[in-house]
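# Understanding the architecture of this molecule
What follows is the residue order along each chain.
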Amino acid sequence: MSNNQPVIEDSKGKSLACHAIALAAVIVDDDERILMLSHPIRNEDGSWEIVGGGLEMEESVLEGTLREVREEAGEDVQVRALGTVHVHTFYRDDTVQFNTGIYYLLAYHGGQVIPGGDMTGSKHRWWTLDEIEREHPKINTPRQQWILWRAIELYRLWKNSDIDLQPDRKLC
């Protein structure tokens, strides 16, 4: 199996990998509950997933994550970005062999959840970690549930911070 993914070259001639980016939004409210959706067709087995999708052209990771929140959780939902919970690379298929997954932590600040986009018709529920442990729901995303536990730990650390995640300066 050959790798068909493109490579770009920087101004100094160094070859850099080009990866597809999968975005996942771990949205946590003040009661430390995590928003999950269950699509009536795609998740016929009653499974749950967090908001997610792919990074589009000319978007930053944060812009793409916020777009996915608007599309899947609803235009009314207000969130504040806190930071990255986890990043990993995984095999997607023979065409896109390397896909980078980024789990972003967002603090919920209000608004009605009305699933839209490819999640139109989904049920939604706010889950506590205790409920997940007690009820053992099938969760498709994230497949590694420790990510949800880590998200709550980071939420406790970052919820009152005023970190500037998109500084108006060029990186060195």
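The present account deals with the structure reproduced in this document. Note that the coordinates shown come from a computational prediction; the quantities given were computed from them, not determined experimentally.

### A short note on helix H3 (residues 146-158)
Relative to the 18 Å expected for 13 residues at 1.5 Å per residue, H3 spans 18 Å between its end C-alpha atoms, a close match to the ideal helical length. Those residues of H3 that are buried are in contact with strand S3 (20-28), strand S4 (34-38), strand S7 (78-90), strand S8 (99-110), helix H2 (129-135) and strand S10 (139-141).

### Things to note about helix H1 (residues 61-73)
Since one α-helical turn is 3.6 residues long, residues separated by three or four positions face the same way. Here H1 contains 13 residues, and its C-alpha end-to-end distance of 18 Å stays within 8% of the 18 Å for a straight helix at 1.5 Å per residue. Every buried residue belonging to H1 is among Leu 62, Gly 64, Thr 65, Arg 67, Glu 68, Val 69, Glu 72 and Ala 73, and all of these are buried. On its buried side, H1 packs onto S3, S4, strand S6 (51-54), S7 and S8. Two residues or fewer after H1 comes Gly 74, characterised by a positive phi angle close to 125 degrees.

### Looking at the pairing of S4
Burial analysis of S4 places five of its five residues in the buried class, which makes it a mostly covered element. Residues Ile 34, Met 36 and Ser 38 point to one face of S4 and Leu 35 and Leu 37 to the other, with burial holding for every one of them.

### Quick word on the pattern of salt bridges
What the rule picks out here adds up to 12 salt bridges. Its salt-bridge partner being Asp 45, residue Lys 138 comes within 2.8 Å of it at the nearest N-O pair. On the criterion of sequence distance, the pair formed by Lys 138 in the loop between H2 and S10 and Asp 45 in the loop between S4 and strand S5 (48-49) is long-range, its members being 93 residues apart. Arg 125 is paired through a salt bridge with Glu 135; the nearest N and O atoms lie 3.0 Å apart. Of this pair, Arg 125 sits in strand S9 (residues 123-127) while Glu 135 is found in helix H2, placing the two residues 10 residues apart along the sequence. Taking the relative accessible area as the measure of exposure, Glu 135 reaches 39% and is therefore partly exposed. Salt bridges sharing common partners tie together Glu 56, Glu 59, Arg 67, Glu 68 and Glu 71.

### Quick notes on the nonpolar core
Val 26, Ile 34, Met 36, Ile 50, Leu 105 and Leu 148 are the most contacted members of the largest nonpolar core, which has 22 residues in total. Contributing elements (two or more residues each) for this core: S3, S4, S7, S8, H2 and H3. Not counting residues within four places of it along the chain, the set of residues in contact with Leu 148 comprises Val 26, Ile 34, Met 36, Ile 50, Leu 129, Ile 132, Ile 139 and Pro 142. Ranked by size, the runner-up nonpolar core spans 18 residues in total, among them Val 51, Ala 73, Val 77 and Trp 126.

### A few points about unusual backbone geometry
The amide bond that connects Thr 141 to the next residue, Pro 142, takes the cis arrangement and shows omega of 5 degrees. Mapping Pro 142 onto the fold places it in the loop between S10 and H3. In this structure, His 136 takes a positive phi of about 50 degrees despite not being glycine. For His 136, the location among the structural elements is in the loop between H2 and S10. Look at His 136 and you get exposed, because its relative accessible area is 63%.

### So, the side chain of Thr 65
With respect to the secondary-structure elements, Thr 65 resides in helix H1. Residue classification places Thr 65 among the buried residues on the basis of a relative accessible area of 1%.

The rules behind each value
Residues numbered from 1 in each chain as written. Predicted model: local features only at pLDDT ≥ 70, side-chain atom pairs only at ≥ 80, totals over all residues. Heavy atoms only, no water. Helix = DSSP H or I, 4+ residues; strand = E, 2+ residues; numbered from the N terminus. Expected span 1.5 Å × (residues − 1). Contact = heavy atoms within 4.5 Å. Buried < 20%, exposed > 50% of the residue type's maximum accessible area, 1.4 Å probe, protein only. Salt bridge = Lys/Arg side-chain N within 4 Å of Asp/Glu carboxyl O. Core = buried A, V, L, I, M, F, W, Y, C linked by side-chain atoms within 4.5 Å.

Any functional reading would require information beyond the geometric quantities listed.
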